[in-house]
Amino acid sequence: MKRLVILGAGTAGTMMANHLSHELDKEECEIDIIDEREEHYYQPGYLFLPFDIYEPEDIVKSIREFIPKGVRLLNDKIEKVDAEKNLVLMENGDRLHYDILIIATGAKIAPEEVEGMKGDEWHRSVFDFYTFEGALTLRNKLREWEGGKLVVHITEMPIKCPVAPLEFSFLADSYFKNKKMRDKVEITYVTPLSGAFTKPKATAALDHLLQEKNIKVETDFAIAEVDNENKKIIDYGGKEIEFDLLVTVPTNKGDELMERSGLGDELNYVPTNKATLQSQKYQNIFVIGDASNIPASKAGSVAHFEAEILTENILRYIKGEPLKEEFDGHANCFVETGNGKALLIDFNYTHEPVEGEFPFPGVGPLRLLKESRMNHMGKLAFRWIYWNVLLKGTHIPFVSATMQESGKHF
Amino acid sequence: MEKIIMGKPIEVNEEGYMTNFSQWNKEIGEELAKEAHIPLSSRHWQVINYIQDEYKKEVPLSIRKIGKSGVVDIKEFYSLFPNAPLKTATKIAGIPKPASCI
Ligand SMILES: Cc1cc2nc3c(=O)[nH]c(=O)nc-3n(C[C@H](O)[C@H](O)[C@H](O)COP(=O)(O)OP(=O)(O)OC[C@H]3O[C@@H](n4cnc5c(N)ncnc54)[C@H](O)[C@@H]3O)c2cc1C
């Protein structure tokens, strides 16, 4: 009897548990999944919570609801992986032997990386929206905020869902317009990149929207410090930006368990083969989702595409066959642009987002890189799809794991 | 795309980053530095050599990593290559713009 252990029951771990419980013979291989939490959080919902578009109950459900029968769910913190001995060590002292390990522990914010970020003003006038707690306290703040300088800020790349801070700015613009106080709010978008987004064509489309919505952009800003007393952020070059309300995306890192286990890079991401999703160091360890260091976007949609390929590779690994080198970095994201509209972008390791139609070439109904109401409906539908289709590991009809090139205007 | 540097055609992308590292040499580095208005000191060269070594080892570069390298701290890195140090330094070093930004 073999044992396959999945670390983390978030988006990617849950999908793998569902895929593998269909594919593996329970008589031959037992599947365990471990998470320290009891709730599954729909993180894309953190974008909508601050603006009172979603309620907390829309985005939190019990992990157990999504773990299939026949998979053992263990609720404890993972202390360490001893990869030489094939052991997972838990905080409660238990040890678990594995034959195959899937790491799906995700990424989280590390505000302590920047001097002063987690200072006196943290969750008073300095907020994150990458955690449930951050998004909720920010909602309460926004409900009573009377206006001033709103600074939306990214600390450093890579971050989960790299478009989320832009979407936040767009939604803030709509939110204050609806509250009839847009004239009292100055919105500035501050990024360490040289443009609004990481890919040039999408940047051009997004720049246009930023201008239209009167959102100022500060590029190439590498934050050194948050000055709590004078309410400003200061970069290494000496540039200063004042704020009344700072909404920042702190440094994102993999779980510290990787550091304790000697499995991570300097940001605690696990070095991973970007085509097969096997760990670069250990053949019986595979990595999926935000926890890996592959140069793909850290997004739920990416984890979904990875899960199809990783499932195939786990089956091949068990049979002793060569792994499929197929993952191409495919990502597919709706970008909420405010006022009930959204853009859709589709890209991979080699192709940047372009215009076109999705998923049917020439037809759509979704439009790539163009604002539309249909895309916004798509974004909202994503929540339903997430809970009811994605987590269960069901293939989404017409959307393939690797990117399709037809219907796109390269 | 090609660009003439020191009388030789050099392969570059639209943003002016060299796309063929084997064409790089110190003189070309000096020229690229001039274009970026940076007079190169021996400190600059230490940093450039370090990032080229990392590139050859296929280690992805980031400002954070350079700051922790022991070669230079982030503050000095900014004073050597103001505004966008990693982008400027990699351009002079003849290597692609780091893809740490996705
Ligand atoms: C604001 C925001 C908006 C987003 N919007 C989108 C979007 O529109 N579209 C999209 O596709 N993606 C979006 N994402 C990204 C998406 O949520 C993530 O990419 C996805 O959840 C990654 O899945 P994962 O399984 O790798 O990590 P997670 O879902 O974060 O799961 C990791 C799990 O591991 C557990 N864990 C970690 N360490 C330990 C430990 N030591 N012991 C025990 N358990 C542990 C955690 O408790 C967690 O349950 C967004 C993210 C954010 C923050």
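The present account deals with the structure reproduced in this document. Here the structure is a predicted model, which is why all the values come from computation and not from measurement.

1. Digging into the interface of chain A and chain B
Turning to step 1, where the next piece is worked out: With 19 residues of chain A in contact, the opposing surface of chain B contributes twelve residues.
Turning to step 2, where the next piece is worked out: Where chain A abuts chain B, roughly 1,400 Å² becomes buried across the two surfaces, and 55% of that area is made up of carbon and sulfur atoms.
Turning to step 3, where the next piece is worked out: For the chain A face of the interface with chain B, the top three residues by lost area are A:D220, A:Y236 and A:E266, together amounting to 39%.
Turning to step 4, where the next piece is worked out: At the junction of chain A with chain B, the criterion picks out two salt bridges.
Turning to step 5, where the next piece is worked out: Across the salt bridge formed by A:E266 and B:K65, the nearest N and O atoms sit 3.4 Å from each other.
Turning to step 6, where the next piece is worked out: One can count three residue pairs in polar contact (both at pLDDT 80 or more) joining chain A with chain B.

2. A closer look at the site of the ligand
All names here are of chain A.
Turning to step 1, where the next piece is worked out: Around the ligand sit 30 residues in total, of which T11, A12, D35, I78 and D290 are the nearest.
Turning to step 2, where the next piece is worked out: Between a nitrogen atom of the ligand and a main-chain N or O atom of I78, the distance comes to 2.9 Å.
Turning to step 3, where the next piece is worked out: Out of a free accessible area of 1,000 Å², the ligand has 97% covered by protein chains.
Turning to step 4, where the next piece is worked out: For the shell around the ligand, the secondary structure elements donating two or more residues are α1 (11-23), α7 (300-319) and α8 (373-390).
Turning to step 5, where the next piece is worked out: With three residues, α1 is the single largest residue contributor to the shell around the ligand.
Turning to step 6, where the next piece is worked out: Looking at side-chain class alone, the shell around the ligand contains eleven nonpolar, ten polar and nine charged residues.
Turning to step 7, where the next piece is worked out: Lining the shell around the ligand are residues from two domains, each supplying at least three of them: domain 1 (2-44 + 61-108 + 253-319) and domain 2 (109-252).

3. Concerning the packing of α1(A) against α7(A)
Residues and elements named next belong to chain A.
Turning to step 1, where the next piece is worked out: One can describe the packing of α1 onto α7 by two numbers: an axis separation of 9 Å at closest approach and a directional angle of 35°. Between α1 and α7 the crossing geometry is right-handed. For the pair α1 and α7, the contacting residues are T11, A12, M15, M16, H19, L20 and E23 in the first and G300, A303, H304, A307, E308, L310, T311, I314 and L315 in the second.
Turning to step 2, where the next piece is worked out: When its residues are assigned to classes, the contact of α1 with α7 shows nine nonpolar, five polar and two charged.

4. Focus on the side chain of A:S292
Residues and elements named next belong to chain A.
Turning to step 1, where the next piece is worked out: Along the polypeptide, S292 turns up in the loop between β20 (285-287) and α7.
Turning to step 2, where the next piece is worked out: At 3.2 Å, the side chain of S292 and the backbone nitrogen of I294 are in polar contact.
Turning to step 3, where the next piece is worked out: Excluding anything up to four places from it in sequence, S292 contacts Y269, V270, T272, V287 and K298.

5. Examining the environment of A:L74
All names here are of chain A.
Turning to step 1, where the next piece is worked out: Residue position: L74 is located in strand β5 (residues 71-75).
Turning to step 2, where the next piece is worked out: It is 9.8 Å that separates the C-alpha atoms of L74 and L7, two residues lying 67 residues apart in sequence.
Turning to step 3, where the next piece is worked out: Setting aside residues up to four positions removed in sequence, L74 forms contacts with I33, I34, D35, M90 and L96.

6. Some remarks on α1(A)
All names here are of chain A.
Turning to step 1, where the next piece is worked out: With 13 residues, α1 extends 19 Å from end C-alpha to end C-alpha; this agrees with the ideal 18 Å at 1.5 Å per step.
Turning to step 2, where the next piece is worked out: With eleven of its 13 residues buried, α1 lies for the most part within the structure.
Turning to step 3, where the next piece is worked out: Within the span of α1, buried status applies to T11, A12, G13, T14, M15, M16, A17, N18, H19, L20 and S21.

7. With respect to the nonpolar core
Note on soluble globular proteins: their nonpolar side chains tend to be buried together.
Turning to step 1, where the next piece is worked out: If you look at the biggest cluster of nonpolar residues, it comprises 115 residues, and the most contacted ones within it are A:L4, A:I102, A:F129, A:L150, A:L206 and A:I233.
Turning to step 2, where the next piece is worked out: Setting aside residues no more than four positions away along its own chain, A:L206 makes contact with A:L166, A:F170, A:A196, A:F197, A:V335 and A:L343.
Turning to step 3, where the next piece is worked out: Judged by nonpolar contacts, the second largest core, of 25 residues, contains B:I5, B:I10, B:M18 and B:V47.

Conventions we followed
Residues numbered from 1 in each chain as written. Chains lettered and ligands numbered in written order. Predicted model: local features only at pLDDT ≥ 70, side-chain atom pairs only at ≥ 80, totals over all residues. Heavy atoms only, no water. Contact = heavy atoms within 4.5 Å. Buried area = accessible area lost by both parts, 1.4 Å probe. Salt bridge = Lys/Arg side-chain N within 4 Å of Asp/Glu carboxyl O. Polar contact = N/O pair within 3.5 Å; in protein donor to acceptor, adjacent residues only side chain to side chain. Near = heavy atom within 4 Å. Areas by Shrake-Rupley, 256 points an atom, 1.4 Å probe, with all protein chains shown as cover. Helix = DSSP H or I, 4+ residues; strand = E, 2+ residues; numbered from the N terminus. Nonpolar A, V, L, I, M, F, W, Y, C, P; charged D, E, K, R; others polar. Domains from an automatic or database assignment. Axes fitted to C-alpha atoms, helices over the stretch in contact; angles between N-to-C directions. Left-handed = near helix turned anticlockwise from the far one by under 90°. Expected span 1.5 Å × (residues − 1). Buried < 20%, exposed > 50% of the residue type's maximum accessible area, 1.4 Å probe, protein only. Core = buried A, V, L, I, M, F, W, Y, C linked by side-chain atoms within 4.5 Å.

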